[in-house]
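Chain by chain, the residues run as shown.
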Amino acid sequence: MKIKEATYSKSSIDGKQNEGENLAEFAFIGRSNVGKSSLINMLCGNRKLALTSSTPGKTKLVNHFLINGAWYIVDLPGYGFAKVSKGERDNLNRMIWRYITGSENMVLLFVLLDSRHELLKNDLEFLMRLGEKGIPFSIVFTKADKSGKRALENRVASIKQKLLEYWEELPPCFITSSADNTGKEEMLDYMGEILESIGQK
C-alpha cells in the first residue's frame, strides 16, 4: 500500500471523528520521545505532518490525520516520563484509555518501543493492560538505526522473550527507523491488508 495524500484533520480530547464520518483508524502510542511523530511522518512521506520535538510530551491531544481521503492515522499522547504535573498526567492517561477502549473506529493500535532500551516497567504494564482488555495491537521497535545490527537483534529478541513469559503468542512486530525508512513498506502493507479485510482500502 502507498500513502498518496496525508493531511492534518483535527485535534481533540475525545478522539472522535468529524460528524458523519465512519472511517477506519490506526492509532500510534508509546513512551514520550519514542519517535512516534517521526514514524508517522515517515509512513506518510511528509516530515512536517506530525509535530516532532526533542522535548518529551509534546503531544497533548488526540490528533487525526486523514490518509488518502479514506482512513485515519491517530497520534495519541505518549505515556511515561514526560515532565508534566500529576494532574496533567492523570488527565492524559484518562484521555488515552478513553480513546483506546471507547473508539468504534480504531482497527489497530501500534505500540512503539525504543529499540535501544530493554522493556521498561511502564511499557510492560501498558501492553499487559491492552491484552487484558482485548485491544488489537502490534509492536513497533523504533530507532533501529541507532544500534549496531547484532545489538539490535539481541535487544529485540530479549524483549520478545520477556513478553513470551506472559503470552503464548506475540502480536505482529515491526522494526523501524525513520532515518532510513526501515520497516516502512512492511507496516504499510500490513495496514493495507487490514483495510482490505474490512472493505475500507
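Keep in mind that what you see is a predicted model, and the values were worked out from it rather than measured.

(A) Representation of the environment of K133 within the structure. Tracing the backbone through its elements, the reader meets K133 in helix α3 (residues 121-133). Note: C-alpha distance between K133 and M191 (58 residues apart in sequence) is 22 Å. Discounting chain neighbours no more than four positions away, the residues touching K133 are W97 and T101.

(B) A look at the sheet that holds strand β4 (residues 71-75). Strand order in the open sheet formed by 7 strands is β1-β3-β4-β2-β5-β6-β7, and the pairing between neighbours is mixed. Two strands bound the open sheet, and with one partner strand each, they are β1 (6-12) and β7 (173-175). Each neighbouring strand pair of the sheet contributes to a mean axis angle of 25°, computed without reference to strand direction. Sheet topology places β1 next to strand β3 (residues 62-67); 6 bridges connect them, and they run antiparallel. Among the inter-strand pairings, A6 is bridged to a residue of β3, identified as I67. Against the sheet, helix α1 (residues 36-44) engages β1, β2 (25-30), β3, β4, β5 (106-114) and β6 (137-142), with an angle of about 145° to β2. Sheet contacts for helix α5 (residues 184-197): β2, β4, β5, β6 and β7; angle to β5, the most-contacted strand, approximately 160°.

(C) Looking closely at the packing of α1 against α5. Relative orientation of the contacting elements α1 and α5 amounts to 75°, with a least axis distance of 10 Å. With respect to their mutual orientation, α1 and α5 come out roughly perpendicular. Residues L39, M42 and L43 of α1 lie in contact with α5, whose contacting residues are K184, M187 and L188. Here the residues of the contact of α1 with α5 sort into 5 nonpolar, no polar and 1 charged.

(D) Main features of a negative patch on the surface. Where like charges cluster on the molecular surface, the negative patch consists of E185, E186, D189, E193 and E196. With respect to the secondary-structure elements, E193 resides in helix α5. Here E193 falls in the exposed class, since its relative accessible area comes to 52%.

(E) Spotlight on the pairing of β5. Counted residue by residue, β5 has 8 buried out of 9 residues, so it is predominantly covered. Strand direction decides the pairing type here: β2 and β5, joined by 6 bridges, are parallel. Looking across to β5, one finds that I29 is bridged to V111. Bridging between β5 and β6 involves 6 bridges; their strand directions are parallel. Bridge assignment links V111 to a residue of β6, and that residue is I139. At this point the chain moves from β5, through α3, to the parallel β6, and the crossover so formed is right-handed.

(F) Up close: the environment of K86. Mapped onto the fold, K86 is located in helix α2 (residues 86-102). Accessibility expressed as a relative area gives 56% for K86, which makes it exposed. Taking the C-alpha atoms as reference points, K86 and A50, separated by 36 residues in sequence, lie 26 Å from one another.

Rules behind the numbers
Residues numbered from 1 in each chain as written. Predicted model: local features only at pLDDT ≥ 70, side-chain atom pairs only at ≥ 80, totals over all residues. Heavy atoms only, no water. Helix = DSSP H or I, 4+ residues; strand = E, 2+ residues; numbered from the N terminus. Contact = heavy atoms within 4.5 Å. Pairing = 2+ DSSP bridges. Axes fitted to C-alpha atoms, helices over the stretch in contact; angles between N-to-C directions. Parallel < 35°, antiparallel > 145°, perpendicular 65-115°, else oblique. Nonpolar A, V, L, I, M, F, W, Y, C, P; charged D, E, K, R; others polar. Patch = residues over 30% accessible without salt bridge, like charges linked within 9 Å, V, L, I, M, F, W, Y side chains within 5 Å. Areas by Shrake-Rupley, 256 points an atom, 1.4 Å probe, with all protein chains shown as cover. Salt bridge = Lys/Arg side-chain N within 4 Å of Asp/Glu carboxyl O. Lys, Arg positive; Asp, Glu negative; His and termini not counted. Charge placed at Lys NZ, Arg CZ, Asp CG, Glu CD. Buried < 20%, exposed > 50% of the residue type's maximum accessible area, 1.4 Å probe, protein only. Right-handed = clockwise from strand over helix to strand, strands pointing away.

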